[in-house]
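The lines below spell out each chain.
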Amino acid sequence: MHCLSKIQCIYVRHRIAVIGGGPAGLTFARVLHRHDHPVTVIERDPAPDARPPGGTLDLHEKLGQLALSKAGLLAEFQALSRPEGQAMRILDTDGTVLRDWRPRPDDRANPEIDRGQLRDLLLGPLDVRWGQRVTEVVPGTRDGVLVHFADGRQETFDLVVGADGARSRVRPAVSAATPHYTGVTLIETSLDDVDTRHPDLARLIGDGSVAVYGVNRALVAQRNSGGHVKVYAQFRAPLDWHTDLDRHVNQNRRAGMDASLDLADADAVRSSLLAMFDGWAAPVLDLLRHGTAFVHRPLYVLPVSHTWTHVPGVTLLGDAAHLMPPLGVGANLAMLEGAELAESVAAAPGPGDLDEGVRAFEEQMWARAGRWAKITAVGLERLVSPDPAEALALFDEVQPS
Ligand SMILES: Cc1cc2nc3c(=O)[nH]c(=O)nc-3n(C[C@H](O)[C@H](O)[C@H](O)COP(=O)(O)OP(=O)(O)OC[C@H]3O[C@@H](n4cnc5c(N)ncnc54)[C@H](O)[C@@H]3O)c2cc1C
């Protein structure tokens, strides 16, 4: 973008692209839209509902909800969200209830919302370019930052914002960091129509979540809207655990099973999980027994306090910038960062101001995300731990009484 004077630049709009239509990218675009600033939203998925949106998210008052208020969407969020979903029950592996926390009726600290509902709320009037996969971003060309697409096209922008998640294709333009495995794997399954089809499990889960912590193992079930429940089995294991079940799954239950597990075979994954969690209370194991599809998600993270030398014209948001263990904060940070960067871009009259604003934003993001990355790294160690008492102690430290 060329400006003859600062006054002229006030009337020139920066060419902004955000890569990724997740919580970070959509919040960024929605706040810019509120400021009447044009933005190009580029998403590889061919349509909003091209794949299942994932589980429920709790949005914190000072993070995700603050971002929604910057987007002018807080009232709509409050109408959709489930404050009762904050309820949390912790069981011992034998089924004994250890904690049963319920929010007050007026508690709006961390209400839950389905990811699909949040996506639709943020999408609203936004014009997303669906089905466009970015392969590379090259800063510093004569006309700005060059974006390469999988179909061979190229396009330039003044600012490219990488909100393209854990495996970001924008990140290499600013940083050589890559995510590494935490040593914890998560397998996700779900139950539908739980109140009618599995009323005992519906009572076990209650309005919010139930969690059970064992030795290096955990099972968490979370209620979504419409009687849908997501179940997460978590365990410490090497990345290739499924190729050597004899070492990683309970021997007593292994008789007659293959040594290697086909992760696409739902019945085989279910059997392996039941063997791995053998000895836990029958109602807890029913959460796995009734699960349908099983999704394998080894947990990866970026280095704690990931930063980079500022590169004019490119920045990162959300998981692309600071992938951390999924302990209820990643989407919240992603959204607040999206809102803050958008406000900074909208307030920048000229190119120099745009770059200064991005620099200042990065400093703020790095400081906050670094704090949360440390908290969540320690949190994962304590929640999937050789000593299950650690998980209970952590709950008591963070849960309001
Ligand atoms: C099991 C689980 C539970 C979680 N629970 C919570 C929770 O309760 N609360 C919370 O705050 N966080 C939670 N998180 C973390 C949260 O999901 C992430 O931190 C959040 O989704 C990050 O948002 P994002 O927009 O940065 O990235 P993403 O949500 O990953 O979105 C990235 C987008 O970019 C698109 N994209 C990727 N590559 C390209 C490309 N090359 N070109 C174009 N588009 C591309 C993707 O299709 C996607 O739409 C959880 C995570 C997991 C795994």
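Conventions adopted
Residues numbered from 1 in each chain as written. Predicted model: local features only at pLDDT ≥ 70, side-chain atom pairs only at ≥ 80, totals over all residues. Heavy atoms only, no water. Helix = DSSP H or I, 4+ residues; strand = E, 2+ residues; numbered from the N terminus. Expected span 1.5 Å × (residues − 1). Buried < 20%, exposed > 50% of the residue type's maximum accessible area, 1.4 Å probe, protein only. Near = heavy atom within 4 Å. Polar contact = N/O pair within 3.5 Å; in protein donor to acceptor, adjacent residues only side chain to side chain. Areas by Shrake-Rupley, 256 points an atom, 1.4 Å probe, with all protein chains shown as cover. Core = buried A, V, L, I, M, F, W, Y, C linked by side-chain atoms within 4.5 Å. Contact = heavy atoms within 4.5 Å. Domains from an automatic or database assignment. Buried area = accessible area lost by both parts, 1.4 Å probe. Salt bridge = Lys/Arg side-chain N within 4 Å of Asp/Glu carboxyl O. Pairing = 2+ DSSP bridges. Axes fitted to C-alpha atoms, helices over the stretch in contact; angles between N-to-C directions. Phe/Tyr/Trp six-rings, centres within 6.5 Å; stacked < 30°, edge-to-face > 60°. Lys NZ or Arg CZ within 6 Å of the ring centre and 35° of its normal.

Chemist: Outline helix α12 (residues 330–347), listing residues and values.
Modeler: Its 18 residues place the ends of α12 26 Å apart at the C-alpha level, agreeing with the 26 Å of an ideal helix rising 1.5 Å per residue. Taking burial as the measure, the 18 residues of α12 include 14 buried ones, the bulk of the element.

Chemist: Could you give an account of the site of the ligand, naming the residues involved and the relevant values?
Modeler: Looking at the ligand, there are 31 residues lining it, with Glu 43, Arg 115, Val 134, Asp 319 and Ala 331 nearest. Pro 23 is positioned such that a nitrogen or oxygen atom in its backbone is 3.2 Å from an oxygen atom of the ligand. For the ligand, the protein covers 86% of the area, taking 1,000 Å² as the surface of the free molecule. Mapped by element, the contributors of at least two residues to the shell around the ligand are α2 (23–34), β3 (56–58), α11 (318–322) and α12. The element best represented in the shell around the ligand is α12, accounting for four residues.

Chemist: Please set out the nonpolar core residue by residue, giving values where relevant.
Modeler: In globular proteins that are soluble, nonpolar side chains generally tend to be buried together. Of all hydrophobic cores here, the largest spans 67 residues; its most connected members are Phe 28, Leu 68 and Val 137. Top element by residues in this core is α12. It accounts for nine residues. Aside from chain neighbours lying at most four places away, what touches Val 137 is Val 145, Leu 146, Val 147, Val 160, Arg 169, Val 170, Ala 173 and Val 314.

Chemist: Tell me about the domain arrangement of the chain, and please be specific about residues and values.
Modeler: Domain assignment breaks the chain into domain 1 (2–83 + 111–179 + 302–386) and domain 2 (182–300). Relative placement of domain 1 and domain 2: their C-alpha centres are 32 Å apart. Taken together, the contact between domain 1 and domain 2 spans 17 residues of the former and 20 residues of the latter. Both faces considered, domain 1 and domain 2 share a buried interface measuring about 1,500 Å² in area, 54% of it formed by carbon and sulfur atoms. The largest contributions to the domain 1 side of the interface with domain 2 come from Leu 380, Leu 383 and Val 384, which together make up 32% of the buried area. The tally of links between domain 1 and domain 2 comes to one salt bridge.

Chemist: Please give an account of the sheet that holds strand β9 (residues 144–149) that cites residues and values.
Modeler: Taken together, the three strands give an open sheet; going across it, the order is β8-β9-β10, and neighbouring strands pair in antiparallel fashion. Because the sheet does not close on itself, it has two edges, and the strands there are β8 (134–141) and β10 (154–157). Neighbour-to-neighbour, the strand axes of this sheet turn through a mean angle of 25°, independent of strand direction. Bridge count for β8 against β9 is five bridges, and the pairing is antiparallel. By the bridge assignment, Val 134 is partnered in β9 with Phe 149.

Chemist: Could you give an account of the side chain of Thr 189, with specific residues and numbers?
Modeler: Turning to its location among the elements, Thr 189 is positioned in strand β12 (residues 180–191). Reaching out from Thr 189, the side chain makes a polar contact with the backbone nitrogen of Thr 292 at a distance of 3.3 Å. Of the polar contacts made by the side chain of Thr 189, one reaches the backbone oxygen of Ala 293; its length is 2.7 Å. Dropping the residues within four chain positions of it, Thr 189 is found in contact with Val 229, Lys 230, Val 231, Leu 287, Gly 291, Thr 292, Ala 293 and Phe 294.

Chemist: Can you lay out the packing of aromatic side chains for me, pointing to particular residues and giving the numbers?
Modeler: Scanning the entire structure with this criterion turns up four aromatic pairs. With a centroid separation of 4.9 Å and 80° between ring planes, the pair formed by Phe 235 and Trp 241 is classed as edge-to-face. Ring centres 4.8 Å apart and planes at 85° place the aromatic pair Phe 277 and Trp 280 in the edge-to-face group. Summarising the burial analysis for this pair, Phe 277 and Trp 280 share the class buried. Between Arg 153 and the ring centre of Phe 149, over which it is positioned, the NZ or CZ distance is 4.3 Å. Seen from the ring of Tyr 300, Arg 167 lies directly overhead, with NZ or CZ sitting 4.6 Å from the centre.

Chemist: For the environment of Thr 307, give the residues involved together with the corresponding values.
Modeler: Along the chain, Thr 307 falls in the loop between β16 (295–301) and β17 (314–316). Thr 307 sits in the partly exposed class, given a relative accessible area of 45%. With 132 residues separating them in the primary sequence, Thr 307 and Ser 175 have C-alpha atoms 7.9 Å apart.

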